[in-house]
Amino acid sequence: MSLEQERKRLRAEAIRRRDQIPPEVRANLSRGIINCVIDWIEMNPVTAVMLYLSMRSEVETDELLDYLLAHSKIVLATVVDLKQHTLTPHRITNPRAELVLHPYGMREPNRETCPAFPLEQIDLILVPGAAFDPKGYRIGYGGGFYDRFLPQCPQAVWMGLAYQTQMIADIFPQAWDIPLHHIITENGDVRCET
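Reading the values: the criteria
Residues numbered from 1 in each chain as written. Predicted model: local features only at pLDDT ≥ 70, side-chain atom pairs only at ≥ 80, totals over all residues. Heavy atoms only, no water. Helix = DSSP H or I, 4+ residues; strand = E, 2+ residues; numbered from the N terminus. Rg over C-alpha atoms; globule rule 2.2 N^0.38 Å. Buried < 20%, exposed > 50% of the residue type's maximum accessible area, 1.4 Å probe, protein only. Core = buried A, V, L, I, M, F, W, Y, C linked by side-chain atoms within 4.5 Å. Contact = heavy atoms within 4.5 Å. Expected span 1.5 Å × (residues − 1). Arc of directions from axis to C-beta. Salt bridge = Lys/Arg side-chain N within 4 Å of Asp/Glu carboxyl O. Pairing = 2+ DSSP bridges. Axes fitted to C-alpha atoms, helices over the stretch in contact; angles between N-to-C directions.

**Student:** So what exactly am I meant to see when it comes to the overall build of the chain here?
**Tutor:** A tally of helices and strands in the chain yields five helices and 11 strands. By the compact-globule yardstick of 16 Å for 194 residues, the chain fits well, its C-alpha radius of gyration being 16 Å. Each principal axis of the C-alpha distribution contributes one length, and for the chain these read about 45 × 35 × 30 Å. Within the chain, buried positions represent 48% of all 194 residues.

So this is what it looks like as structure tokens:
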């Protein structure tokens, strides 16, 4: 089996395990993970947070979105350009009015009404993924969006959100893979070893 095939197998297996978590269990685990993130935010100087808007069986981020808005943080979510393979953070202040459905099924800010936000002012970036290892490397969904985006924000803390079942010993990182600083699971904060 080639390395590429092995990574595809690891991705599929991690997503399968994540999908098998019953919805009510996933909601409870997500709540614990989000509480860990909130604790981290309250102990660190964070003003602007870029989060992903969860879909399918990902760690759920809606409660974090509500918390951030209630605590006067700048909340950002990404607009995805599938042709250019880019992410652009846009500020959201009223999710019910400002979020739209991307043709691929994910929620994103309305690019007409939500302003783009300067990358250099982002303090914390929350990153989804399929599988993560203790060194901070992740296998995403195959598009490389975050691996291209994160180096544009060297001042920010990069934090993955994952269920413990998504943690594996080694994802066999490639040259283009960018390690995260932290991974938060229901077991707490993994400070990455890189």
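From this point on, the discussion continues.
**Student:** Would you mind going over the nonpolar core with me for this structure?
**Tutor:** Inside soluble globular proteins, nonpolar side chains tend to come together where they are buried. Residues Ile41, Leu64, Ile122, Ile125, Leu126, Phe149 and Leu161 are the most contacted members of the largest nonpolar core, which totals 54 residues. Those elements that place two or more of their residues in this core are α2 (23-42), β1 (48-50), α3 (62-70), β2 (74-81), β6 (124-127), α5 (145-149), β9 (157-161) and β10 (182-185). Ranked by residue count, the leading element in this core is α2, at six residues. Not counting chain neighbours up to four residues away, the residues in contact with Ile41 comprise Val46, Val49, Leu64, Leu68, Lys73 and Leu124. Grouped together as the second largest cluster of nonpolar side chains are seven residues, Leu10, Ala14, Ala131 and Tyr137 included.

**Student:** Is there a simple way to explain α2 in this structure?
**Tutor:** At 3.6 residues per turn, the α-helix brings residues three or four places apart onto the same side. Over its 20 residues, α2 runs 28 Å from end to end, which matches the ideal 28 Å to within 8%, given 1.5 Å per residue. All of the buried residues in α2 are Arg26, Ser30, Ile33, Ile34, Val37, Ile38, Trp40 and Ile41. One face of α2 carries all of its buried residues, which in axial projection span an arc of 155 degrees. With respect to the buried face of α2, the exposed residues turned more than 90 degrees away are Glu24, Asn28 and Glu42.

**Student:** Would you take a moment to explain the pattern of salt bridges for this structure?
**Tutor:** Pairing is possible between side chains that carry opposite charge, provided their charged atoms lie close to one another. Going through the model one piece at a time under the given rule, you end up with eight salt bridges. Note that Arg9 and Glu6 form a salt bridge whose closest N and O atoms lie 2.9 Å from each other. One end of the pair, Arg9, and the other, Glu6, are both in helix α1 (residues 3-19), three residues apart, so they sit about a helical turn from each other. For Arg111, the salt bridge goes to Glu108, with nearest N and O atoms at 3.4 Å. Assessed through its relative accessible area of 45%, Arg111 is described here as partly exposed. Accessibility expressed as a relative area gives 5% for Glu108, which makes it buried. Through salt bridges with shared partners, a single network forms among Glu13, Arg16 and Arg17.

**Student:** Would you mind going over the sheet that holds β6 with me for this structure?
**Tutor:** The pairing of strands in a sheet comes from backbone hydrogen bonds and takes either a parallel or an antiparallel form. Read across the sheet, seven strands follow the order β3-β2-β1-β6-β9-β10-β11 without closing on themselves; strand pairing throughout is mixed. Each edge of the open sheet is held by one strand with a lone partner, namely β3 (86-91) and β11 (188-191). Strand-to-strand, the axes of this sheet are offset by a mean angle of 25 degrees, without reference to chain direction. Strand contacts of α2: β1, β6, β9, β10 and β11, with the helix running at about 165 degrees to β9, the strand carrying the most contacts.

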